Amino acid sequence: DRFQGSLPLRTFDDLSAGEIPPIGIITPELQTHFQVMRSSVASFRSRALISCWHVSEYESTAMWDVYSETGHGIAVRSTTDRLRAGLDKPALGLQTTGEAIADPANGIVARYFMGLVRYIDYDRDLFIPQTGLDYLTCKRKSYDYEREFRLVLLSDLPILGGQQVSCDLETLVESIYVSPN
């Protein structure tokens, strides 16, 4: 989504018109807040690894059609508890502390965050991010059929071309589905 990592137009309009501030925050402070958030996003983009998941009790024809265009594909069913446990598996040689992963052999230190994506109307909705991560968890409403859950790993160092992340698959995978196509 080309709008990811940006603020909705209404936020800029309301900001310039002075119609926001939230109680106790004056407009110049809010403008500074947005500048800090935008610079956070710039920093996050080079350090963020994102794993996207569809949240539903049922298979989605739309998801199969979009992400398995050739009709050849699989879907992995898991849970947030399984994902967290798969990442935190001590046998992987990773040291974990809460929601941080350290891989001393590869010099990787990453914090991870999990949550549902919020779908917003970038032309109408007012959105004031509380943290830079809020930018990474919003998409346009036209994507709401994805019902997306994201795992965001933030590395201490920039990541070039992606990064493999160790996860215990036996812990992660509850079941596997083959494309109905």
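Quick note: structure is the one above.
For the structure given in this document, a descriptive report is provided here.

About the criteria used
- Residues numbered from 1 in each chain as written.
- Predicted model: local features only at pLDDT ≥ 70, side-chain atom pairs only at ≥ 80, totals over all residues.
- Heavy atoms only, no water.
- Helix = DSSP H or I, 4+ residues; strand = E, 2+ residues; numbered from the N terminus.
- Buried < 20%, exposed > 50% of the residue type's maximum accessible area, 1.4 Å probe, protein only.
- Contact = heavy atoms within 4.5 Å.
- Areas by Shrake-Rupley, 256 points an atom, 1.4 Å probe, with all protein chains shown as cover.
- Phe/Tyr/Trp six-rings, centres within 6.5 Å; stacked < 30°, edge-to-face > 60°.
- Lys NZ or Arg CZ within 6 Å of the ring centre and 35° of its normal.
- Salt bridge = Lys/Arg side-chain N within 4 Å of Asp/Glu carboxyl O.

### Considering the overall build of the chain
Part 1: When its secondary structure is counted, the chain shows 5 helices and 9 strands.
Part 2: In the chain, the succession of α and β elements from N to C terminus is α-α-β-α-β-α-β-β-β-β-β-β-α-β.
Part 3: Expressed as a percentage of the 181 residues in the chain, the buried residues total 35%.
Part 4: Counting contacts in the chain only where the partners sit at least 6 residues apart, residues at least 24 apart contribute 71% of the total.
Part 5: Split by element, the accessible area of the chain, about 11,000 Å² in all, is 54% carbon and sulfur.

### What about the packing of aromatic side chains?
Part 1: What the rule picks out here adds up to 0 aromatic pairs.
Part 2: Across the ring face of Tyr143, the terminal group of Lys139 is positioned such that the distance to the ring centre comes to 4.7 Å.

### Thoughts on the pattern of salt bridges
Part 1: For the structure on display, the rule yields 6 salt bridges.
Part 2: Put simply, Arg77 and Glu174 hold a salt bridge, and the shortest N to O gap is 2.9 Å. Separated by 97 residues along the polypeptide, Arg77 in strand E2 (residues 74-77) and Glu174 in the loop between helix H5 (169-172) and strand E9 (175-178) bring together distant segments of the chain.
Part 3: Note that Lys139 is salt-bridged to Glu146, the shortest N-O span being 2.6 Å. Glu146 shares its class with Lys139; the two are buried.
Part 4: By sharing partners, the salt bridges in this structure join Glu57, Arg77, Arg82 and Glu174 into a single network.

### Digging into the environment of Gly162
Part 1: Along the polypeptide, Gly162 turns up in the loop between strand E8 (148-155) and H5.
Part 2: Exposure remark for Gly162: the relative accessible area of 38% places this residue in the partly exposed category.

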